[in-house]
Each structure stands twice: as C-alpha cells, then as structure tokens.
Amino acid sequence: MPVFLLRLERGDLFTDDAISAPTALALYMQPLLLEEREEIVAAWSSELQQPPKAGQDGEDDEGTVLSEPKETSEITVTENGVPSRTLKPSDPTGYTVFGNVYINNASDAVLSASQLSGGFAAKLAQEGPQVLIIHTHGTEAYTMPVGEEYVPSDNRRTLESDKNMLRIGDEMADVLAAKGIGVIHDRNLYDYPNYSGAYNRSLASIESYLAQYPSISFVLDVHRDAVEDASGNEYKLLCAEEPNAAQLEFVIGSNGGGLSHDKWQENVKLACAVQENLLAKYPTLMRPIVVRNSRYNQHMTTGSLLIEVGTAGNSLEEAIIAARIFAQGFAETIQK
C-alpha cells in the first residue's frame, strides 16, 4: 500500500497502459472493474489513440472546441514571488534585423533580411475555420501564488486545464473569435502521459485538421518557456510597457536539420509582421525571434507559429494578459 500511494502521488500508475492515476485508483476501489481491468485498459488505450473526429454541434470531441465570441473578464495579478527581468537586445551584432524585429538564427539554414521582404503568404479563407490553436506541450504551467497552487503532473506541469497551456489557448481563442476569426482550439494533451513523441502526436492531429478543414491557413502551437541564470535561479519575464504582461517569443523551425521545409521563410515573414505590429505599442513585449533547425510541425502551412507565452516563473495571470495582447495583435495583422 505505501508503494501504491507513492506511485499514485507521482501519477505514474500503469504508465505502460496509458491510464491516469485517478482511473487506476477507481479500478482498485471497485472489484467488478478490477476483474475487467485488461478489457478496460485496452479500450482506454484505443480511445487515446483515436484522431480528432469532426462533429456537427460546435465540438469535435471533448478536446476540440470551435470557439464562439465571448466577453473577456478583467484579470487581477497576484505577485508570485519570482524575481523578474525584461529582455531586450541593445546591440544588433549577431542578429538578423528586419525593421524593428531582431532574429536570432540559431539554425544551420541561411537567413538574411533580403529574404524577408514582401508580405507573408498565408491568407484568411473566406469561410470555415481559419486558425488552429494546438498545444504540443499542453501540460506546461506557471508559478502560482501561494494558495492557488495546482496539482502537478510533473515539474512545472499540470493536468488542470484552467492552469496549464489550455487556459492560455482558451484566452487566445476568445479574442480571435471576438474579432470574427474562425478558430478551432485543440485542447488535447500530447505530452501526457508520455512527453517523448509529443510532436509526432500533435503532427498527426494537425494533418487531420488540415485535411478536414482546408480553410485553415494559420496554426499556432502555444507553449511557455523556462528561463534561468547561470546559477540556476529562475526568472519571470515581463513587458516594461505593460508590467503585468509576460514577455513572448516566437520560435520558428527551418530546414537546417535536413528535413524538408522549403517555405520556412514564409513563417518567419509572418512572425516578423505580427511582431512589428505588436512592437509599435509594446516595444518590449516580444523577445527576439529564434530560428532553429527543427521543423516543429511548421512545414504543414506557411502560416505556422510556435509562440512561447512567458516562462515557468511567470504567473498564470501574467501569461493570460500577454496572450490576450498577442491575440489582438495577431488578429490585426492577418486581417489587414
């Protein structure tokens, strides 16, 4: 029993079966269910592997929501005790600079400012869903104030959807829907119970959505970052102009790793356009864009962005405020 309770607390019961700790506990507490454990686990695993299916009533399944316009509530930020910084480049050395946007090309792909001239390729469709919000690492979470902590599924992660990245996606979807943009928010978790392979699982869903809804031109994979100094001290990042908002960062994939991704510069163009728009009002909201070798599933459209909303040290409220500001600027950019 002590070992069982320890495994329950860690959330790693029956990890090979891909069932959650609460489900495992329910099996143990009900003798009739326990007798049928193998059949239940088989059915549960089969259900987890099913791709999203389209519905006719505004929902595709429990994890996918076709967003409707909603009124957003005021957010009161409670200090969480994590020291803060505002990151802003002061020297263009080592960056590709396009307008007011700094780009850190950490990939092996060649990138110059001349490649970024002209408008971005992705355009809003006239009908149907236009934007897909997805979370490859949906369990990522923030540092909550005392008394508002979540139940962790791992370090700085939780299955509580009102306190992990699903909440941030909800906030973005609400703003975009209010601007008249058709949004599908995929609220499935691809990094639980297994973190490894999350990008492959989210790719399968992106492919399914694009096949079912060819009207989708923009795919937002919403994450949060983690920032520490050389001594391992954690920091939260805040916008100077809106000190209750977390800083954000675009991470753009390329073909530098050798995988096919011929139009990756179009995603960089989109990121630059959105960032330029946001910087006009909030000069420190966005950190420099980072280009990396991995594709991050961004080869599926020319309107794909991976956005880091704050860091693990930020509070949930700071991330929500930043997410709303981003969504407003993103909507303005793609509706021009």
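As shown above, the structure is provided for reference.
Model, not experiment: these values are computed from the prediction.

The rules we used
Residues numbered from 1 in each chain as written. Predicted model: local features only at pLDDT ≥ 70, side-chain atom pairs only at ≥ 80, totals over all residues. Heavy atoms only, no water. Axes fitted to C-alpha atoms, helices over the stretch in contact; angles between N-to-C directions. Helix = DSSP H or I, 4+ residues; strand = E, 2+ residues; numbered from the N terminus. Left-handed = near helix turned anticlockwise from the far one by under 90°. Contact = heavy atoms within 4.5 Å. Nonpolar A, V, L, I, M, F, W, Y, C, P; charged D, E, K, R; others polar. Core = buried A, V, L, I, M, F, W, Y, C linked by side-chain atoms within 4.5 Å. Buried < 20%, exposed > 50% of the residue type's maximum accessible area, 1.4 Å probe, protein only. Expected span 1.5 Å × (residues − 1). Salt bridge = Lys/Arg side-chain N within 4 Å of Asp/Glu carboxyl O.

Caption draft 1: Examining the packing of helix α5 (residues 165-178) against helix α8 (residues 316-334) more closely. It is at 8 Å that the axes of α5 and α8 come closest, and there the two elements cross at 35°. Crossing angle aside, the handedness with which α5 passes α8 is right-handed. Mapping the contact onto sequence places R167, I168, E171, M172, V175 and L176 in α5 and L316, A319, I320, A323, R324, F326, A327, Q328, F330 and A331 in α8. Class assignment of the residues belonging to the contact of α5 with α8 gives a composition of twelve nonpolar, one polar and three charged.

Caption draft 2: Local environment of the nonpolar core. Residues I168, M172, F250, V309, F326 and F330 are the most contacted members of the largest nonpolar core, which totals 58 residues. Looking at this core, the element that brings in the most residues is α8, giving twelve residues. Residue contacts for F250: discarding those within four places in its chain leaves A271, V274, Q275, M286, P288, I289, V290, L305, L306, I307 and F326. Core analysis: the next-biggest nonpolar cluster, separate from the first, contains eleven residues, Y209, L210, I216 and V219 among them.

Caption draft 3: Structural view of helix α6 (residues 198-212). For α6, spanning 15 residues, the distance from its first C-alpha to its last is 21 Å, which sits close to the expected 21 Å at 1.5 Å a residue. All of the buried residues along α6 are A198, S202, L203, S205, I206, S208, Y209 and L210.

Caption draft 4: Focus on unusual backbone geometry. With omega at 5°, the peptide bond leading from Y192 into P193 counts as cis. Counting through the fold element by element, P193 comes out in the loop between β9 (183-186) and α6. A positive phi angle, near 55°, is found at Y296, a position not held by glycine. Topologically, Y296 is positioned in the loop between β13 (289-292) and β14 (304-311). We classify Y296 as buried; its relative accessible area is 18%.

Caption draft 5: Inspection of the pattern of salt bridges at higher detail. Enumeration according to the criterion identifies eleven salt bridges in this entry. For E79, the salt bridge identified is with K236, shortest N-O distance 3.1 Å. Here K236 lies in strand β11 (residues 236-237) and E79 lies in the loop between β2 (64-66) and β3 (84-85), a separation of 157 residues in the sequence. Exposure remark for K236: the relative accessible area of 2% places this residue in the buried category. With its nearest N and O atoms 3.1 Å apart, the salt bridge here joins D225 to R287. Residue D225 is found in strand β10 (residues 218-225), and its partner R287 is found in the loop between α7 (264-279) and β13; the two are separated by 62 residues along the sequence. Both residues of the pair, D225 and R287, count as buried. Among the charged side chains, a network of salt bridges with common partners joins E79, K236 and E318.

Caption draft 6: Geometry of the packing of α7 against α8. Relative orientation of the contacting elements α7 and α8 amounts to 115°, with a least axis distance of 9 Å. Once α7 is placed against α8, the crossing between them reads as right-handed. For the pair α7 and α8, contact is made by L270, A273, V274, N277 and L278 and by I325, F326, G329, F330, E332, T333 and I334, respectively. Broken down by class, the residue content of the contact of α7 with α8 amounts to eight nonpolar, three polar and one charged.

Caption draft 7: Looking closely at the side chain of T96. You can see T96 is positioned in strand β4 (residues 96-98). When neighbours within four sequence positions are excluded, T96 is seen to be in contact with V101, Y102, I103, L111, S112 and A113.

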